[in-house]
Amino acid sequence: MITTVPAFGQNNVEATATTPTTYPLNISAKPLAAAIADLGASSGWRILYTIQLAPDIRSQPLNGNYTVAQALAQLLAGTGITYRITGPKAALLIDPSQSRAGPVPSGDGVQLDTIVVDAARSDNTTGSGYQGTPDWVYQRPAAVSVISREAIESSPTRNARDLLDNVAGVYANRSAAQNPGISVNIRGLQDQDRIATMIDGARQNFQRSGHGATQRTYVDTAFLRQIDVEKSTTSGVGSAGALGGLVNFRTFIADDLIKPGNQYGGVVNATTGTNAYNFDGSTAAAVRVSERFSVLGGVSYKNIGAYDVGKNGTIPTANTYTGTGDVLLFSGQEVFSTILKAEALTTEDVKITIGWLHNDSRYNTGNYDNTIARGGILKSSEQVANDTFTSALDWNPGNDIVDLKAKLYYNHLKNDTVSDGAFALTGPSNFVFSTLGGTVENTSRFATDIGALALNYGLEAFSDTGKTTLQRGFVSQTGADYSSTLTGGTPSGNREVASGFTSATFKPTEWVTLIGGVRYDWYHIAGNATIYGNETRDVIGQLMTNPGRPAICNARGCGVAIPPTYVPIYGPSYYPAYNLDVDRDGGAWLPNFTIAFQPTEWLQPFAKYSKSYRPPTVMESFLNGGHDSNVVNGYAPNPSLRPERGDTYEAGFNVLANGILAERDSIRFKTVGFYREITDYISYGYILNAQANRQYDTFVNLNGVTRMKGVEIEANYDARFLYIGGTVTRIDTEFSDSFTSPVGRDIAINSGRGAAVIFEQPKLRVTLDAGIRLLDEKLTLGTRIVDVSKTEPALGSLRSGYDMPAYRVYDIYGSYAFDEATKLRFAVNNLTDVAYAPAVGANFYAAPGRTATVSLNYKF
C-alpha cells in the first residue's frame, strides 16, 4: 500500500506482484487481534476478519523473515482459525466454528450483517524501534521519525513540545517558554511556516511576533496517538509552502480505544507530581454504535504551576525571571481540551471521518523589573482558544486504480491578551488567525512487464486570514486613528497557497526502488497596509509679530515702507498616512528524487534530492506599525520580498533485523546525512519607502546562500528483557549574514538594524535510553541521558540572550502493569536537579528542576 505524508506508512508498491515477498517480523505472543494488527502494519497487507477474536485467544510468537502466508500460519497455529488469500495483498481470517452463510468479502469488502475489521487499517502506532517507533519507519527510504503512543504515555510532560526533545534533528524552541505554544525547529529551520505544522493534517499557521519564536501550535498530549516528523519536503500531501519538512500531531481514532471484538472502549489517565506538577488528567472513549458507525469523545484538564529551577549550577540572567528566589516566573499553565470524532462506512468502500479538537490554554507572560511599580512585575494575561475541524473521505473500491483520500479542514485560533500597561501592547488586544484548506490525492497501481509501478497524484490548497485588533485604540490630537498600527509586529492580512503534485514509485526488481515526483507550488498575497511617514505639522494660519509701518515722506522724499512680519501658526503634530496595496503572486516547480536499494533483507541504503519553496507569510508581507506602544511609523511592508528556495541532498540507510544475538531480539537503525542550501532566506533589515521618503524596519531577503549540513542517527536494540536506544544529532549551520541596503550597500545583520536573533541548533546532542523488563515484562525500569553541547547563535542584535552553556540531564522512569488494562507509571526528570536553560531557547528561561511524577492509566 502506498501512503503519502502525512498519513505516514510503508511504501509498498509490490501490491500487484505475484512473487512471494518476505518481511522482517518480530511479533511477541500477544492477543491474536493485536498480533494480526502488527502483521498488517508491517506488511501493508489488508487482513480482514468478520469473526470474533476473543481477548484470551493469543498468537504464537514470530521472529525472522516470513511471507505473509507463513506468518499467518504460525500466528494462527493452535487457535483453530484459518485464513484465505482473497486478492493482491488481501487475506481473510476464517473460524469454521463461527462460519455462516453468505458471500466471502473481497480484499476490501464488507459483509452487511457483521463488522469487518481491517488489520492493515489499524495503523499500528508502536513497534520495535526507538521508544516504540513503528517498524515501517526503518523500512522507508527517507528522513522520517515517529513519536509513538508508547513514548507519549511513558513521558509525562508539562507541555507537548517536551516530546520533541529526543527526536534526531528536531528541537522545540523555548525562547518564549512562558507561552505553551509549540514552535518546531528541524535542522535549524523554524517559524514562518518553514516547517509545516499540522493537527490531523490541518495546518496550524498562527504567528505572533516577538523577540523569540513566532509560530505557535497549541495541542495537548492527552489525545495524541502519535507525532509524525518529516525532515525534508515531499511530492505529496503536506509540503505545500514548506521549506524544511513537516510535523503532524495525530489524534485518536476509534480503533485506538475499542479492542477488536468489542463494541466500546476507552482510556483514563491521571498524573500528579512534585515541583508544581499539580494535575494532568484525561478520559477518552469510543462506541461502535453500529457495524458501520462509531463515535469518539474525550476531555482533558491540565493544571501546572510555576516551577522551581534546578539548584545545582547557575543561570546567569535568570534573575529577570526568578527574582531573588528559585521559581521561574509565570511558568505555569492551565489547559482544557476536548475531542469529538465520528467515523462512518457509508458504503462498502467509502469511509467518512469528521472531527473537532478544542484547546483552551491560559497562562501569563512577563518578567521582573525593579524600576517600575506594581511590585516590580510586568505581566500580561493570555488566553488561547484553538479549534481544529477536519473531515476526511477514504474511497477504496478494491481495485488497483482508485485509492482516494480527501480532506477538508478549518483551523481558528484566537489569542486574547490583557497587559498591565508597561508592555508595547497595552490594554486588551486579540490576535485571530484562521486557515481553511483541503487536500485530495489518489494512488493507482500497475503491474508492468518491467516492474511494479504506483502513481500518487493530487492537489493541496489553503488560505490564511489574520486579524489583529487593539481595543484601547490610539487617536492623536488631530483625530487621526492610528489603532491599526498597534499590532506589535503581528499584522492583519490574507494569503493563499495551492499546489499540485505527482510522484511515481517504480520497483524494477525486489531490491531496487526508484521514486520520482514533482509539485508546483503557487501563492497569492493580496491586501493593503497603512504606513505613516515622518512626523509633521501643517500651517493653519499666521501670527503678526511686527505690524510694520508705511513709508514716511517729507520734503526730501519718501522713505522705505516696512512691511508687517508674520510667523506661521502650526497645527498639532501628525504622521501623514500612505496606503500600500500588497498584491504579489508566484510559483515554482519542485522536483523530488529518491533511490533505494535492498541488497540484503535487513539493509536499505538510500539517497534523496528535494527542492522546496516558501512564500512570505501574512506577518512578513503586511508588517506595519512599530515596536513600542505609541510608535506608528517603525515598520512597513517590503514590496520586493521574494520567496525562500531550498535544495536538500540526503543519503542514509535503514537497518531492520531480528534474531541477532537471541531468538527474540531486534535491532532498528536509521542514519541520514544531509546538506541543504537556501537562497533568499528571509530575516530582518530595513528598506526605504520612496512615497514616505523614510526608512522602515521590515523583512528582507538575505544575500548569498545559507548552508546547513549534519548527520542524524536513531537506533534501538531490544532483547525484550533489556533494551538500549538513542539518537545523535550533529549539525553545522552557516547563515547568510547581510542584506542589501536601499543605497546598495551590504549591511551586516549584527549592525543593530537586523534580526533580534536567528536561532541555531547546538552542534551536538546525544540521547541514550536504556532499561530492563522484569516479572514477565510487567515491570519496566529505565533511564535516559541527554547531553547537549553549548548553543551560540552567531547572528542577531540580541543574540547574547540566547547563548546557552552545555548541559547534561538524567531521567529515570518505570512502569508496572497490574493487568492488560491497568498500568502505573512513575518518573523522575532532571534527577540531579541541574540548573540549565534548554537549547534553542533563551538563557533567562531556566528548565524545571527535579520533578517526580506518578501516573495511572486504565483502559476499558
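Rules used in this analysis
- Residues numbered from 1 in each chain as written.
- Predicted model: local features only at pLDDT ≥ 70, side-chain atom pairs only at ≥ 80, totals over all residues.
- Heavy atoms only, no water.
- Helix = DSSP H or I, 4+ residues; strand = E, 2+ residues; numbered from the N terminus.
- Buried < 20%, exposed > 50% of the residue type's maximum accessible area, 1.4 Å probe, protein only.
- Pairing = 2+ DSSP bridges.
- Arc of directions from axis to C-beta.
- Core = buried A, V, L, I, M, F, W, Y, C linked by side-chain atoms within 4.5 Å.
- Contact = heavy atoms within 4.5 Å.
- Expected span 1.5 Å × (residues − 1).
- Patch = residues over 30% accessible without salt bridge, like charges linked within 9 Å, V, L, I, M, F, W, Y side chains within 5 Å.
- Areas by Shrake-Rupley, 256 points an atom, 1.4 Å probe, with all protein chains shown as cover.
- Salt bridge = Lys/Arg side-chain N within 4 Å of Asp/Glu carboxyl O.
- Disulfide = S-S within 2.5 Å.
- Polar contact = N/O pair within 3.5 Å; in protein donor to acceptor, adjacent residues only side chain to side chain.
- Phe/Tyr/Trp six-rings, centres within 6.5 Å; stacked < 30°, edge-to-face > 60°.

A. The arrangement of the overall build of the protein chain in detail. Along its length, the protein chain carries six helices and 43 strands. When each of the 860 residues of the protein chain is scored for burial, the buried share is 57%.

B. Structural detail: the sheet that holds strand β13 (residues 246–251). Pairing is mixed across the open sheet formed by five strands, whose spatial order is β7-β12-β13-β10-β11. The sheet is open, and its two borders are formed by β7 (144–147) and β11 (202–203), each paired with just one other strand. Bridge analysis of β7 against strand β12 (residues 224–230) gives four bridges, and the strand direction is antiparallel. Within β12, the residue paired with isoleucine 147 across the bridge is isoleucine 227.

C. Structural context of helix α2 (residues 68–75). For α2, the complete set of buried residues consists of Val68, Ala71, Leu72 and Leu75. All buried residues of α2 fall inside an arc of 95° around its axis, so they share one side.

D. Representation of the nonpolar core in the model. Judged by nonpolar contacts, the single largest core of 57 residues is most densely connected at Ile147, Leu164, Val219, Ile227, Val247, Phe249 and Ile758. Ranked by residue count, the leading element in this core is strand β33 (residues 682–689), at four residues. Residues in contact with valine 219, not counting those within four places in the same chain, are Ala160, Ile182, Ile199, Leu224, Phe249, Leu357 and Asn359. With 24 residues, the next largest nonpolar core counts Ala177, Tyr321, Val757 and Val840 among its residues.

E. Structural context of unusual backbone geometry. Phi angles above zero are rare outside glycine, and arginine 720 is one such case at about 70°. Notably, valine 840 is not glycine yet its phi reads approximately 55°, a positive angle. Structurally, the position occupied by valine 840 is in the loop between β42 (822–829) and β43 (851–859).

F. Helix α1 (residues 32–43), seen in detail. The end-to-end C-alpha separation of α1 is 16 Å, in line with the 16 Å expected for 12 residues at 1.5 Å each. Of all 12 residues in α1, 10 are buried; the element is thus mostly enclosed. All of the buried residues along α1 are Leu32, Ala33, Ala35, Ile36, Ala37, Asp38, Leu39, Gly40, Ser42 and Ser43. In the core, the buried residues of α1 are packed alongside β1 (23–27), β2 (46–49), α2 and β5 (90–94).

G. Up close: a nonpolar patch on the surface. On the surface, a nonpolar cluster with roughly 660 Å² of combined accessible area is contributed by Tyr264, Val268, Val287, Val289, Phe293, Val295, Tyr858 and Phe860. Mapped by element, the contributors of at least two residues to the nonpolar patch are β14 (264–273) and β16 (293–304). Along the polypeptide, valine 295 turns up in strand β16.

H. The arrangement of the state of the cysteines in detail. One pass over the full model with this rule turns up one disulfide. There is a disulfide in this structure between cysteine 553 and cysteine 558, and the S-S distance comes to 1.7 Å. Measuring the twist about the S-S bond at about 105°, one finds the cysteine 553-cysteine 558 disulfide to be right-handed. What makes cysteine 553 partly exposed here is its relative accessible area of 46%.

I. Looking closely at the pattern of salt bridges. Under the definition given, this model contains 44 salt bridges. Residue aspartate 464 is joined to arginine 495 by a salt bridge in which the shortest nitrogen-to-oxygen separation is 3.0 Å. Residue aspartate 464 is found in strand β22 (residues 451–470), and its partner arginine 495 is found in strand β23 (residues 493–509); the two are separated by 31 residues along the sequence. With respect to burial, aspartate 464 and arginine 495 carry one shared label: buried. Here the salt bridges share partners, and the residues they tie into one network are Arg664, Asp718, Arg720, Arg773 and Glu777.

J. Structural view of the environment of threonine 347. Along the chain, threonine 347 falls in strand β17 (residues 333–347). By relative accessible area, threonine 347 is classed as partly exposed at 35%. On a C-alpha basis, the gap between threonine 347 and proline 397 in space is 9.7 Å, while along the polypeptide they are 50 residues apart. Within the structure, threonine 347 has its side chain in polar contact with the backbone nitrogen of valine 350 (distance 3.2 Å).

K. Geometry of the pairing of strand β15 (residues 277–288). Note that β14 and β15 share eight bridges and pair antiparallel. Opposite glycine 265, over in β15, you have alanine 286 as the bridge partner. The hairpin formed by β14 and β15 contains three residues between the paired strands, and asparagine 275 there has a positive phi angle of roughly 55°. Of the strand pairs in this sheet, β15 and β16 are connected by 11 bridges, and their pairing is antiparallel. Opposite aspartate 280, over in β16, you have lysine 302 as the bridge partner. Between β15 and β16, which pair antiparallel in sequence order, lie four residues.

L. Quick look at the packing of aromatic side chains. With the rule as written, the count across this model stands at 17 aromatic pairs. When the centroid spacing of 6.4 Å and the interplanar angle of 50° are considered together, the rings of tyrosine 523 and tyrosine 613 count as tilted. One end of the pair, tyrosine 523, is in strand β24 (residues 512–532); the other, tyrosine 613, is in strand β30 (residues 603–614), with 90 residues separating them in the sequence. Under the relative-accessibility criterion, tyrosine 523 is labelled buried at 3%. For tyrosine 613, a relative accessible area of 2% corresponds to the buried category. Judged by centre distance (5.5 Å) and plane angle (20°), the ring pair of phenylalanine 653 and phenylalanine 669 falls under stacked. Residue phenylalanine 653 is found in strand β31 (residues 644–658), and its partner phenylalanine 669 is found in strand β32 (residues 666–679); the two are separated by 16 residues along the sequence. Under the relative-accessibility criterion, phenylalanine 653 is labelled partly exposed at 32%. Here the aromatic cluster, defined as three or more aromatic residues joined through ring pairs, consists of Phe759, Tyr802, Phe844 and Tyr845.

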